[in-house]
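One-letter residues, chain by chain:
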Amino acid sequence: MNTPRIRLSPLPVREAAACMCDHGDVCSSFAPGHALHLIQSRLAAATTAGWADAIVTATDAAAGEIRLVTLDGDALTLWNAGGAALEVEPGQPVAVHTRWDVLAIGALRYNVAPR
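Please read all numbers here as calculations on a predicted model, not as lab measurements. (Residues numbered from 1 in each chain as written. Predicted model: local features only at pLDDT ≥ 70, side-chain atom pairs only at ≥ 80, totals over all residues. Heavy atoms only, no water.)

A. Representation of the nonpolar core within the structure. Formed by 15 residues in total, the largest nonpolar core has its most connected members in I66, L68, V94, L103 and I105. Those elements giving two or more residues to this core turn out to be β1 (51-60), β2 (65-70), α3 (84-87), β4 (93-97) and β5 (102-105). For this core, the element with the highest residue contribution is β1, accounting for three residues. Other than its neighbours up to four places away in sequence, V94 contacts A52, D53, A54, V56, L68, V88, L103, A104 and I105. (Core = buried A, V, L, I, M, F, W, Y, C linked by side-chain atoms within 4.5 Å. Buried < 20%, exposed > 50% of the residue type's maximum accessible area, 1.4 Å probe, protein only. Helix = DSSP H or I, 4+ residues; strand = E, 2+ residues; numbered from the N terminus. Contact = heavy atoms within 4.5 Å.)

B. Inspection of the pattern of salt bridges at higher detail. Tallying each qualifying case throughout the model produces two salt bridges. The partner of E65 in a salt bridge is R67, with the nearest N and O atoms 3.3 Å apart. A relative accessible area of 18% places E65 in the buried class. With relative accessibility at 30%, the residue R67 sits in the partly exposed group. Salt-bridge contacts for E65 lead to R115; the nearest nitrogen and oxygen are separated by 3.7 Å. Of this pair, E65 sits in strand β2 while R115 sits in the segment after β7 (113-114), placing them 50 residues apart in sequence. (Salt bridge = Lys/Arg side-chain N within 4 Å of Asp/Glu carboxyl O.)

C. Up close: the pairing of β2. Here β1 runs beside β2; their pairing, made up of six bridges, is antiparallel. Following the sheet pairing, V56 is matched in β2 by L68. As judged from the five bridges shared by β2 and strand β3 (residues 75-79), these two strands associate in the antiparallel manner. Opposite V69, over in β3, you have A75 as the bridge partner. Between β2 and the antiparallel strand that follows it, β3, lie four residues; G73 among them carries a positive phi value of about 95°. (Pairing = 2+ DSSP bridges.)

Written out as C-alpha cells, the structure reads:
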C-alpha cells in the first residue's frame, strides 16, 4: 500500500523565502544588493573596462544607501544590505563596476543594487 505524497506548490515556498540579513544575520542571498557571488566578483575583476571612479556624496547607513557621483558626472544611488554604507563617508573615493554592479571600497567588494 502506498502512502500518498503531499506536494507543495513552489509558489508558497518562494513567498516564504527571506534573506537572513532581514533578521540581522549574514546575507544568504546573491540577489542584487546582497552577498557578492564569487563569479560576480571574478567577472568584475576580469572586465576592467566596466569600472568607473566615483566620489561618495552621501550615505544612509540605516537604509543601506550610498549616493555617489562618477568622475564623468553621473549621479548614482546604490543599495547594499551587507553594510557597505558603514564603510564609506562623504568625500571618499570609490569605484563602481556598472555592468556587474560591484562597489569597490579599497580592497573591499560589495554587491550593490542601483536605485
